[in-house]
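Here are the chains, one letter per residue:
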Amino acid sequence: MTASAASSSGLFVPIYEVSTELFISLDGLRMPARRGETVIAVLLRNAAALGRSEFDGRSRAGFCLMGACQDCSLWSEDGGRIRACMTMVEDGMALVTAPPLAET
Ligand code: FES
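Rules behind the numbers
- Residues numbered from 1 in each chain as written.
- Predicted model: local features only at pLDDT ≥ 70, side-chain atom pairs only at ≥ 80, totals over all residues.
- Heavy atoms only, no water.
- Pairing = 2+ DSSP bridges.
- Helix = DSSP H or I, 4+ residues; strand = E, 2+ residues; numbered from the N terminus.
- Axes fitted to C-alpha atoms, helices over the stretch in contact; angles between N-to-C directions.
- Contact = heavy atoms within 4.5 Å.
- Buried < 20%, exposed > 50% of the residue type's maximum accessible area, 1.4 Å probe, protein only.

**Some words on the sheet that holds strand β9 (residues 93-96)**
And step 1. Strand order across the open sheet formed by 5 strands is β4-β3-β9-β7-β8, with mixed pairing between neighbours. On the outer flanks of this sheet lie β4 (29-33) and β8 (81-83), each paired with one strand and no other. Ignoring which end each strand starts from, the neighbouring axes of this sheet average 40° apart.
And step 2. Strand direction decides the pairing type here: strand β3 (residues 22-26) and β4, joined by 5 bridges, are antiparallel. Bridge pairing in β4 places Leu26 opposite Leu29.
And step 3. Against the sheet, helix α1 (residues 39-46) contacts β3, β4, β7 (73-76), β8 and β9, and its axis sits at roughly 115° relative to β4.

The following block contains the structure:
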């Protein structure tokens, strides 16, 4: 199965065929990815934003795309924080847009 540029629903439009060789998820939404892609490339190919700003609630989609601004911060389900623009996809990555609640 492949997704073509014409079927892209996100902010980024791929110029190549996207195979389904691996998958990642964001808040439970499963998305196909290609080996060698960054997380932000996959997410913005499938959505118009990465999440909402913790300060004003506005949509976030990354700003610098080079690891400097932190606007692309996401969390793994075990609580680890990543920068989506600096992290390569791995099959089965399960990411969330908000940090998991701290255990008390
Ligand atoms: S978009 Fe700026 S750090 Fe990722």
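**Description of the environment of Cys64**
And step 1. Within the secondary structure, Cys64 sits in the loop between β6 (59-60) and β7.
And step 2. A residue is classified by how much of its surface remains accessible, and Cys64, at 23% relative accessible area, is partly exposed.
And step 3. Counting along the chain gives 21 residues from Cys64 to Cys85, while the straight-line C-alpha distance between them is 8.6 Å.

**A look at the pairing of β7**
And step 1. Residues Ser73 and Trp75 point to one face of β7 and Leu74 and Ser76 to the other, with burial holding for every one of them.
And step 2. As paired strands, β7 and β8 are joined by 3 bridges and run antiparallel to one another. Paired with Ser73 across the two strands is Arg83, which belongs to β8.
And step 3. If you look at the hairpin formed by β7 and β8, you'll find 4 residues sitting between the two strands, and Gly79 has a positive phi there, around 100°.
And step 4. Two elements, β7 and β9, share 2 bridges in a ladder whose sense is antiparallel. Looking at the pairing, Trp75 lines up with Val96 of β9.

**Considering the side chain of Ser76**
And step 1. When you line up the elements, Ser76 lands in strand β7.
And step 2. If sequence neighbours within four positions are ignored, Ser76 has contacts with Ala94, Leu95, Val96 and Pro100.

Remember, this is a structural readout, not a statement about activity or role.
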